[in-house]
Each structure stands twice: as C-alpha cells, then as structure tokens.
Amino acid sequence: MLREGKDARKRRDAFIGELSAQVATRLEQPRDWRAIEHWLRETDRTWREGDLGSVDKKAWSAFDARYRAAMAPLRDALAAARLEAKAGRQALIDEATAVAARAMERDAPSKVKALQTQWQTQARSFTLAQRDERVLWEQFRAACNAVFEAREAKRKQEHDVKHESHRALEAICVELEQLAAALDKDESEMRRRLRDLDDQWRKRGGGADPAARRIETRFRDAKAAATAALSARGR
C-alpha cells in the first residue's frame with residue numbers, strides 16, 4: 001500500500017512537471033482556443049480520473065494546488081479570450097441595433113450583411129458556451145431582423161398607398177367613361193363634372209410605374225371621349 005502511494009506521488013509529480021512546458025506551448029501565438037479547451041478538459045479528466053493513482057488527503061491537497069497553479073496561465077488566458085469574444089459579439093449587437101435605428105437608409109441592408117459576416121468569422125474563431133452564444137445570437141438576430149422588417153413594412157405601406165391611389169385614379173377614369181356615354185345628362189352638369197374629375201386627377205397625379213402610366217392613358221382616352229361627346233352635343 002505504501003509502495004502504491006509512493007508510485008502515485010511520483011507519477012503525479014512528473015505529470016505536473018510536464019505541464020509547464022505544455023502550457024507554454026499552447027500559449028504561443030496563434031492560439032487554437034478550441035484545441036486549448038479540449039486539452040484542458042482531457043487533462044483535468046486525466047488528473048482526476050486517470051491512472052495516476054491515489055494519494056492521501058494531505059498529499060492530494062498539495063498536488064492539486066500545484067496542478068491548479070501550473071494550469072492557471074492557460075485558464076486565465078482562456079477566460080480573457082472568452083471575455084474578449086463576448087465583448088466582440090456585444091459590439092456587433094450594438095452596431096446592428098444602431099443600423100436598425102436607421103433602417104430606411106439606403107446602405108442599411110449592406111451594413112447588416114457585413115455585420116453578419118463579421119459575426120460568422122468571430123463565431124468560427126472562438127466558440128462561446130452554448131448558453132452565452134445562444135443569448136447573444138438571439139439579440140444580434142433580432143437587431144438584424146428589425147432592419148429588414150422595418151424596410152418591408154415601409155415597402156408594404158408604400159405599396160398600399162400606391163394601390164389605393166391607383167384605385168382612386170381608376171375610379172376617375174370610370175366616371176369619365178360613364179360621362180362620355182351619358183347622353184341623357186344636362187350639358188352644363190356634364191361640363192361641371194368633367195372639370196371636377198379633371199381637378200381630382202391633377203391633385204392626385206399619376207406616377208412613373210407601368211400601372212400608373214396605363215391608367216393615365218386610360219384617363220386621357222376617357223377625357224377625350226367625354227370632351228368629344230360634349231362638343232358633339234354643342235354642335
């Protein structure tokens with residue numbers, strides 16, 4: 001039993017002795033943080049559950065303190081890298097939120113896409129704990145989505161306004177066409193209504209889109225027909 005304890009102390013002493021060199025190697029730049037995290041987990045498992053052997057409680061306390069001291073530089077560097085990665089993610093969230101506040105600016109979508117690329121780059125270079133990554137990602141995604149949702153809402157609003165304007169212009173055309181065909185109406189009443197409809201058209205204006213141009217052509221034709229009908233009645 002004493003022999004086993006002595007052998008275990010030797011193994012643990014040698015194990016700790018090798019750690020300093022291994023830690024120094026892993027701290028060299030560039031640092032592979034994923035590999036470092038994996039090595040820390042495996043080293044901890046070997047230290048606590050491997051075949052290094054058991055020692056008495058007093059010896060374990062001393063060995064474990066030495067072990068933790070040897071691993072501390074790498075753990076501290078990893079902790080600092082985590083904080084830096086979180087700060088980097090938060091900076092991207094703040095930038096995306098700022099873009100969302102100016103969502104209607106012309107370059108807002110390209111800015112969001114650039115931020116998304118930066119996020120992917122950061123996520124590949126350093127993976128945070130799943131709970132941290134998920135919370136930060138949800139915040140970032142919400143800020144990015146807010147830009148596109150605001151722009152889509154604006155487009156829908158403009159589409160609805162344009163659609164309503166087209167309906168109103170088409171209604172003017174319909175009245176003009178009916179006016180041109182109304183042979184039983186009083187001539188003065190027809191002239192007054194023609195002026196009213198012409199005023200309504202000018203106030204609403206047309207538009208540059210194909211639908212508006214088609215309606216404008218219809219309006220000119222209907223107005224010409226109504227004017228011709230009035231001229232014919234006058235003659």
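Placed above this text is the structure.
Position labels on residues start from 1 in each chain and follow its written sequence. Where totals are concerned, whole chains, interfaces and linings use all residues; where local detail is concerned, this predicted model gives features only for residues with pLDDT of at least 70, and gives and counts side-chain atom pairs only at 80 or more. The side-chain values count all of the structure's non-hydrogen atoms but skip hydrogen atoms and water molecules.

## What about helix 6 (residues 187–204)?
Residues spaced three or four apart along an α-helix point in a common direction, a consequence of the helix completing one turn every 3.6 residues.
Phase 1 of the analysis: Across its 18 residues, helix 6 extends 26 Å between first and last C-alpha, which sits within 8% of the 26 Å expected from 1.5 Å per residue.
Phase 2 of the analysis: Burial classes: relative accessible area under 20% of the type maximum marks a residue as buried, over 50% as exposed, and values in between as partly exposed (1.4 Å probe, protein chains only). A run of DSSP states H or I qualifies as a helix once it reaches four residues; a run of E qualifies as a strand once it reaches two. Both are numbered from the N-terminal end. Taken residue by residue, helix 6 has Met190, Leu194, Leu197, Asp198 and Trp201 as its buried positions. For helix 6, the buried positions fall inside an angular range of 100° around the axis, keeping them on one side. Exposed residues pointing more than 90 degrees away from the buried face of helix 6 are listed as Arg195 and Lys203. Between the first and last residue of a helix there are one fewer steps than residues, each counted as 1.5 Å, and that sum is the expected span. Each C-beta atom gives one direction from the helix axis, and the arc is the one those directions make.

## A few points about the packing of helix 5 (residues 130–181) against helix 6
Phase 1 of the analysis: Here helix 5 crosses helix 6 at 160°, and the two axes come no closer than 10 Å. When the axis of helix 5 is compared with that of helix 6, the two are roughly antiparallel. Of the two elements, helix 5 crosses helix 6, and the hand of that crossing is left-handed. Along the contact surface, helix 5 presents Ser165, Ala168, Leu169, Ile172, Cys173, Glu175, Leu176 and Leu179, while helix 6 presents Met190, Arg193, Leu194, Leu197, Gln200, Trp201 and Arg204.
Phase 2 of the analysis: Side-chain classes follow a simple rule in which Ala, Val, Leu, Ile, Met, Phe, Trp, Tyr, Cys and Pro form the nonpolar group, Asp, Glu, Lys and Arg form the charged group, and the remainder, Gly included, forms the polar group. Taken together, the residues of the contact of helix 5 with helix 6 sort by class into 10 nonpolar, two polar and three charged. To get an axis, fit a line to the C-alpha atoms, keeping to the stretch in contact for a helix; angles then go from 0 to 180 degrees between the N-to-C directions. Orientation categories follow fixed angle ranges, with anything under 35 degrees roughly parallel, anything over 145 roughly antiparallel, 65 to 115 roughly perpendicular, and all other angles oblique. Two helices crossing with the near one rotated counterclockwise from the far one by less than a right angle form a left-handed crossing, whereas a clockwise rotation gives a right-handed crossing. Two residues qualify as a contact provided that any one of their heavy atoms is within 4.5 Å of a heavy atom in the partner residue.

## Describing the packing of helix 2 (residues 33–49) against helix 3 (residues 57–101)
Phase 1 of the analysis: It is the contact of helix 2 with helix 3, at a shortest axis distance of 11 Å, that shows an interaxial angle of 165°. Taken together, the axes of helix 2 and helix 3 are roughly antiparallel relative to one another. Helix-helix and strand crossings are classified by hand; for helix 2 and helix 3 the assignment is left-handed. Across the interface between the two elements, Trp33, Ile36, Glu37, Trp39, Leu40, Thr43, Asp44, Trp47 and Arg48 from helix 2 touch Trp60, Phe63, Asp64, Tyr67, Met71, Leu74, Arg75, Ala77, Leu78, Ala81 and Arg82 from helix 3.
Phase 2 of the analysis: Its residues assigned to classes, the contact of helix 2 with helix 3 shows 13 nonpolar, one polar and six charged.

## So, the packing of aromatic side chains
Phase 1 of the analysis: Two rings belonging to Phe, Tyr or Trp (six-membered ring only in the last case) form a pair when the distance between their centres is within 6.5 Å. Interplanar angles under 30 degrees mark stacking, angles over 60 mark edge-to-face geometry, and anything in between is tilted. Overall, the coordinates contain eight aromatic pairs when judged by the stated rule.
Phase 2 of the analysis: For the pair Trp119 and Phe140, a centre-to-centre distance of 4.4 Å together with 15° between the ring planes defines the contact as stacked. Of the two residues, Trp119 sits in helix 4 (residues 108–125) while Phe140 sits in helix 5, which places them 21 residues apart along the sequence.
Phase 3 of the analysis: On the basis of an interplanar angle of 5° and a centroid distance of 4.0 Å, the ring pair of Trp201 and Phe219 is categorised as stacked. Here Trp201, found in helix 6, pairs with Phe219, found in helix 7 (residues 210–234); they are 18 residues apart in sequence, far enough to count as distant.
Phase 4 of the analysis: Within the aromatic cluster, the residues linked to one another by ring pairs are Phe15, Trp47, Trp60 and Tyr67.
Phase 5 of the analysis: Either the NZ atom of lysine or the CZ atom of arginine qualifies as a charge over a ring when it sits within 6 Å of the ring centre and within 35 degrees of the ring normal. Over the face of the ring belonging to Trp47 we find Arg12, whose NZ or CZ atom lies 4.6 Å from the ring centre.
Phase 6 of the analysis: The lysine or arginine in question, Arg89, covers the ring of Trp119, its NZ or CZ lying 5.6 Å from the ring centre.

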